[in-house]
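Residue-level structure breakdown
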Amino acid sequence: MTSVDRIPPPDPTDARSMRQRRDAGNWYQCDAELVAHIRAAQRLALEYEQTQALDPAKGRQILQSLLGSLGNEVLIRAPLRVDYGTNLYIGDGSFANFGLIALDVAPIRIGRKVQIGTNVQLLTPIHPLDPALRAQGWEAAAPITIEDNVWVGSGAIVLPGVTIGADSVVAAGAVVTQDVPSRVVVAGNPARVIKKL
C-alpha cells in the first residue's frame, strides 16, 4: 500500500495541469477538466445500468466507450460505479457481480478470469492526513492490480497501491491493505493470509 507520508506535499510552483499531477501520483485538486471527465463517466455508467440487462450487445458497446480496456467475454452486472472509467482495465473472461465500485483515479487492472462478488470496492484515492490540505481539496491515488484467476468475495474492500497475486482468494468482507501473494486465501480486517492454495 502507498503511504500518504511518501507523497511529497503540493508544490505551489508546479506548472503541470491537475490531470498531469494526478497521473503522476502526486497531490492534485479536481479542476473543471477532471470534473467534466467524471460527469461523462457517470452518464455512461447510468446508460449502462439502464441498458445492460435488456440489450447486452449495446451494454458492451457502452462499456467499451467507458473503460480503458474490456476483454472478451466479460460480464459486469450493473450497477457499476467509477470515477473516470478510462483507468479501469478488465481482462478476458472476468466477471463482476452487482454493485462494483471501482474508483479509478489511478489505474485499476483486473486480469483474466477474475471473479468479483457483490458490492466490492476497489479504492485508489488517497486523501491527506493534514486537515488543512484536505479542506483545500487535495488528493492523490495509487494503482490497484488484481492478477489472473483471483476471486474477490462480496463486500471486500481493496485499498490504494495493492496488488493481489494470481489464483488467490479474498474472503467476503476482507479489507485488503497490503499486497497479497499468489495462491493464498486472505480474510479479515486488515486481511491476513489464512491458507495457502
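Above this text is the structure in question.
Conventions we followed
- Residues numbered from 1 in each chain as written.
- Predicted model: local features only at pLDDT ≥ 70, side-chain atom pairs only at ≥ 80, totals over all residues.
- Heavy atoms only, no water.
- Helix = DSSP H or I, 4+ residues; strand = E, 2+ residues; numbered from the N terminus.
- Rg over C-alpha atoms; globule rule 2.2 N^0.38 Å.
- Buried < 20%, exposed > 50% of the residue type's maximum accessible area, 1.4 Å probe, protein only.
- Areas by Shrake-Rupley, 256 points an atom, 1.4 Å probe, with all protein chains shown as cover.
- Lys, Arg positive; Asp, Glu negative; His and termini not counted.
- Charge placed at Lys NZ, Arg CZ, Asp CG, Glu CD.
- Arc of directions from axis to C-beta.
- Contact = heavy atoms within 4.5 Å.
- Axes fitted to C-alpha atoms, helices over the stretch in contact; angles between N-to-C directions.
- Parallel < 35°, antiparallel > 145°, perpendicular 65-115°, else oblique.
- Left-handed = near helix turned anticlockwise from the far one by under 90°.
- Nonpolar A, V, L, I, M, F, W, Y, C, P; charged D, E, K, R; others polar.
- Salt bridge = Lys/Arg side-chain N within 4 Å of Asp/Glu carboxyl O.

Okay, the overall build of the protein chain next. Each helix and strand counted, the protein chain has 4 helices and 20 strands in total. Scaling as 2.2 N^0.38, a compact globule of 197 residues should have a C-alpha radius of gyration of about 16 Å, and the protein chain matches this with 17 Å. Taken along its principal axes, the extent of the C-alpha atoms in the protein chain is 45 × 40 × 20 Å. Buried positions account for 43% of the 197 residues belonging to the protein chain. Only carbon and sulfur atoms are counted for the fraction: they give 53% of the accessible area of the protein chain, which is about 9,700 Å². The average position of the 19 basic charges and that of the 19 acidic charges among the side chains of the protein chain differ by 5 Å.

Right, let's get into unusual backbone geometry. Residues Ala78 and Pro79 are joined by a peptide bond in cis, for which omega reads 5°. Within the element layout of this structure, Pro79 appears in the loop between β3 (75-76) and β4 (80-82). With an omega of 0°, the peptide bond between Asn189 and Pro190 qualifies as cis. Structurally, the position occupied by Pro190 is in the loop between β19 (184-187) and β20 (192-196). In this structure, Asn119 takes a positive phi of about 55° despite not being glycine. Mapping Asn119 onto the fold places it in the loop between β9 (115-116) and β10 (121-123).

What follows covers helix α3 (residues 56-66). Residues of α3 that are buried: Gly59, Ile62, Leu63 and Leu66. Along the axis of α3, the buried positions cluster into a sector of 100°, meaning they face one direction only. Turned more than 90 degrees away from the buried face of α3 sit Ala57, Gln61 and Ser65, all of them exposed. Looking at the buried side of α3, the elements it contacts are α2 (32-51), β2 (69-70), β3 and β4.

Two numbers describe how α2 lies on α3: the axes approach to 9 Å, and their chain directions differ by 165°. Accordingly, the angle class assigned to the pair α2 and α3 is roughly antiparallel. Handedness of the α2/α3 crossing: left-handed. Packed against α2, whose contacting residues are Ala41, Leu44, Ala45, Glu47, Tyr48 and Thr51, the element α3 presents Lys58, Gly59, Ile62, Leu63, Ser65 and Leu66 at the interface. Here the contact of α2 with α3 is composed, by residue class, of 7 nonpolar, 3 polar and 2 charged.

This next bit is on the pattern of salt bridges. Inspection of every chain in the model, using the stated rule, returns 7 salt bridges. Across the salt bridge formed by Arg21 and Asp14, the nearest N and O atoms sit 3.7 Å from each other. Residue Asp14 is classed as buried on the basis of its relative accessible area of 19%. Bridged by salt links that share partners, the residues Asp14, Arg16 and Arg21 form one connected network.

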